[in-house]
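# Structural characterization, general
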Amino acid sequence: MKVRSWLLVTALGLCFSHAPVQGQSHHPLLRADANWDLAVYASATICGWVAAGNWFIAGDTVIGGTVYKRFGFHPILDQDGPPFCPPGYYVAPGTTLTNLCLREDTIAGLVFQYDHILLVERVLYDNNLEVGDTIHDYFDFDQLGWPPTPTIVVSLDSVQLNDGEFHRRWGLSTTLWGEILHDFIEGVGSTFGITHVVPQYYGDGVHLWCYKRNAVDVLWSVHYCPLPGTLGVIEPDGAEPSLSITPYGLITLKAIEPAVVSIHAMDGRLVMRQILSPGLLYAIHPVPPGAFTYTLSVSGRRAGAGRFVLLE
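As the structure is a computational prediction, the values presented were derived from the model and not from experiment.

On the surface, Val40, Val50 and Val206 cluster together to form a nonpolar patch covering roughly 180 Å² of accessible area. Here Val50 shows up in strand β4 (residues 49-63). Judged by its relative accessible area of 36%, Val50 falls in the partly exposed class.

Shown next, in the form of structure tokens:
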């Protein structure tokens, strides 16, 4: 088992499929046409979400003779707020430049982040990770005399984005605040944001709502992008397969072949990932009532999505 030093860690994952990994060439993360809608979740607030922004590469900056991509963001506002309670949001005018500076070595498959405090760069994403590799968490609690909390790569498969391209996906597990299971996707980044700091406690922290190109082309989404409809109504996206879900957590796959279902809570936590066979009845793992989203994939290809609510 190899141990790799990282600056930060990532998002989501539970029962992973073991589909063959497709598309071995490195997909770049730092694209001029890429946008990330990121939101901050705080469990103590009225509806959880407190703020969001549309992140993008604002231009180049030179630090110590090295060229980095500097990030900025546009504010995201709630269509019906305040308070900030999606669904229903839009990207508003205005730009804020940040100190987030990244550079990418596409040949080596590495993305580096510049640390403005230590005045060094560290590896943020490593596209060469293998199952069993250990990544030290961002907080480095072991250096404070606390028990170390490493993040372990527990799975590696591939997913197909909406442009038809396959991208590698790493499933990660950390025990920072109890077990947190999470993913990152090559060329997209983490579902816990570009710098993928692991959420604390009840999922508080940054979450990826959607990854876009050219500001409008949605290539990957966990929830809220594109704008969802009314909660409580199952909303298949028109593609097969689809799910039938009761308000009490019983699910049935409607399809002609097995599919992998991934079910997320609204704070981005993955509560279930499992291979389903058509026509059989399954029970969602015990979770509190609330709103959830699901995606379906077949052989690594995204094949369906929807939303539902679980009752007491």
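A few words now on the sheet that holds strand β17 (residues 242-245). Spatial strand order, β17-β18-β21: three strands in an open sheet with antiparallel pairing. This sheet does not close on itself; its edge strands, each paired only once, are β17 and β21 (281-283). In this sheet, neighbouring strand axes are inclined to one another by 35° on average, regardless of whether the strands run parallel or antiparallel. Relative to β21, strand β18 (residues 250-254) is paired through three bridges, and the arrangement is antiparallel. Bridge assignment links Ile251 to a residue of β21, and that residue is Tyr282.

The final tally for this structure, using the stated rule, is six aromatic pairs. Joined through ring pairs, the aromatic side chains of Trp36, Phe71 and Tyr211 make up one cluster. If you follow Arg103 out to its NZ or CZ, it ends over the ring of Phe112, 4.2 Å from the centre.

A separate point is the nonpolar core. In terms of nonpolar packing, the biggest core is built from 28 residues, with Trp36, Phe71, Leu102, Ile194, Tyr211 and Trp220 touching the most fellow members. It is strand β3 (residues 34-41) that provides the largest number of residues to this core, a total of three residues. In contact with Trp220, other than residues within four places in its own chain, are Val159, Gln160, Leu161, Ile185, Val188, Thr191, Leu208, Cys210, Tyr211 and Arg302. Among the nonpolar cores identified, the runner-up in size contains 20 residues, and Ala259, Met272, Ile284 and Leu310 belong to it.

Rules used throughout
- Residues numbered from 1 in each chain as written.
- Predicted model: local features only at pLDDT ≥ 70, side-chain atom pairs only at ≥ 80, totals over all residues.
- Heavy atoms only, no water.
- Patch = residues over 30% accessible without salt bridge, like charges linked within 9 Å, V, L, I, M, F, W, Y side chains within 5 Å.
- Areas by Shrake-Rupley, 256 points an atom, 1.4 Å probe, with all protein chains shown as cover.
- Salt bridge = Lys/Arg side-chain N within 4 Å of Asp/Glu carboxyl O.
- Helix = DSSP H or I, 4+ residues; strand = E, 2+ residues; numbered from the N terminus.
- Buried < 20%, exposed > 50% of the residue type's maximum accessible area, 1.4 Å probe, protein only.
- Pairing = 2+ DSSP bridges.
- Axes fitted to C-alpha atoms, helices over the stretch in contact; angles between N-to-C directions.
- Phe/Tyr/Trp six-rings, centres within 6.5 Å; stacked < 30°, edge-to-face > 60°.
- Lys NZ or Arg CZ within 6 Å of the ring centre and 35° of its normal.
- Core = buried A, V, L, I, M, F, W, Y, C linked by side-chain atoms within 4.5 Å.
- Contact = heavy atoms within 4.5 Å.

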